[in-house]
Each structure stands twice: as C-alpha cells, then as structure tokens.
Amino acid sequence: MKTQAILGAAVIGMIALSAFTGKQTDVYKADTKLSSVEWFAEKVGGKHNGTILLSSGEIKSDKGKLSGNFEVDMSSIANKDMQGEWAAKLEGHLKSADFFDAAKFPTAKFATTSITPI
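(A) Structural view of the overall build of the protein chain. Helices and strands together make up the secondary structure of the protein chain, namely two helices and six strands. When the helices and strands of the protein chain are listed from N to C terminus, the series reads α-β-β-β-β-β-α-β. Expressed as a percentage of the 118 residues in the protein chain, the buried residues total 28%. By element, 57% of the accessible surface of the protein chain is carried by carbon and sulfur atoms, the whole surface being about 8000 Å².

(B) Layout of the pairing of strand E4 (residues 65–73). Of the two faces of E4, the one lined by Leu66, Gly68, Phe70 and Val72 is fully buried and the one lined by Lys65, Ser67, Asn69, Glu71 and Asp73 carries no buried residue. Pairing analysis gives eight bridges linking strand E3 (residues 46–62) to E4, with the strands arranged antiparallel. Bridging from a neighbouring strand, lysine 60 pairs with serine 67 of E4. From the end of E3 to the start of E4, which pair antiparallel, there are two residues, and lysine 63 there has a positive phi angle of about 55°.

(C) Structural view of the nonpolar core. Within the largest apolar cluster, 14 residues are counted, with the highest numbers of intra-cluster contacts made by Trp39, Ile52, Val72, Met74 and Ile77. Elements with a minimum of two residues in this core: strand E2 (36–43), E3, E4 and helix H2 (84–95).

(D) Highlighting the pattern of salt bridges. Under the criterion given, the structure shown has three salt bridges. Between glutamate 58 and lysine 29 there is a salt bridge whose closest N-O contact spans 2.8 Å. Of the two residues, glutamate 58 sits in strand E3 while lysine 29 sits in strand E1 (residues 25–29), which places them 29 residues apart along the sequence. For glutamate 58, a relative accessible area of 17% gives the class buried. Across the pair lysine 89 and glutamate 85 runs a salt bridge whose closest N-O atoms are separated by 3.2 Å. You can see lysine 89 and its partner glutamate 85 sitting in helix H2, four residues apart, about one turn around the helix. The exposure class assigned to lysine 89 is partly exposed, which follows from its relative accessible area of 45%.

(E) Representation of the packing of aromatic side chains within the structure. As enumerated under the stated definition, the model contains one aromatic pair in all. Here the aromatic rings of phenylalanine 70 and phenylalanine 110 are separated by 5.9 Å at their centres, their planes lie at 25°, and the arrangement is stacked. One end of the pair, phenylalanine 70, is in strand E4; the other, phenylalanine 110, is in strand E6 (residues 107–111), and 40 residues separate them in sequence. Judged by relative accessible area, phenylalanine 70 falls into the buried class, the value being 16%. Residue placement shows lysine 89 over the ring face of tryptophan 86; its charged tip is 4.7 Å from the ring centre.

Rules used throughout
- Residues numbered from 1 in each chain as written.
- Predicted model: local features only at pLDDT ≥ 70, side-chain atom pairs only at ≥ 80, totals over all residues.
- Heavy atoms only, no water.
- Helix = DSSP H or I, 4+ residues; strand = E, 2+ residues; numbered from the N terminus.
- Buried < 20%, exposed > 50% of the residue type's maximum accessible area, 1.4 Å probe, protein only.
- Areas by Shrake-Rupley, 256 points an atom, 1.4 Å probe, with all protein chains shown as cover.
- Pairing = 2+ DSSP bridges.
- Core = buried A, V, L, I, M, F, W, Y, C linked by side-chain atoms within 4.5 Å.
- Salt bridge = Lys/Arg side-chain N within 4 Å of Asp/Glu carboxyl O.
- Phe/Tyr/Trp six-rings, centres within 6.5 Å; stacked < 30°, edge-to-face > 60°.
- Lys NZ or Arg CZ within 6 Å of the ring centre and 35° of its normal.

In structure tokens form, the structure reads like this:
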C-alpha cells in the first residue's frame, strides 16, 4: 500500500490550516463520525481502493506552528471497488498477519514531524 495517500491527505489538511497563525494555541479535533482515510493499492493483477476509519485526530496551531496526530482503526479496513465475497476476502487478507495484523496492531498512528510553509 502506498502510505503517501494517507500522509498526503493529512498534510493537505494541515496546509489548509496554515493560514491560522494566531497568538494562542488552537486545536482542531477530527470528527470521527465523518472522517476516514482513503487508501489505494496496486498489484500485478489490478488495483484496489477503500477506506479506514479515523479513531481520533487533531491539528494544533501553537502561535503559528502546526502539528498533528492521527489514529486509525485498522479493523475498519474496507474495500470499495468490489462487492460481496471478493471484497470480504480482500478485507480479511489485509487485516491478517500477511499485511497489517489488525488483531495484534488494532490502531495505526501518524504524527507530524515537521511542517514547512510553501
């Protein structure tokens, strides 16, 4: 899977907030009922896409310095380009120890290390 898609979505959100350079600390919490991460994957036999639900997330602006932390629920991996049995097989495979091992690692975390204005 391409983690760039996940990271790209988070970075775009942070760039959009870069205009908020106030003198206080502002925290923007993710609405987890409306938020998800889109994923895209390619293999020799084709392409797939889907979503993973966001468990929590926030972007913080502290005197103009931005930072962000996000957590996704790995058991919520959903395939969107197939239906029925084949979608369920792919989802099960992605959740298995062959890929993300969602039973052992139920969440994935992303934290910004730096944000550079452009």
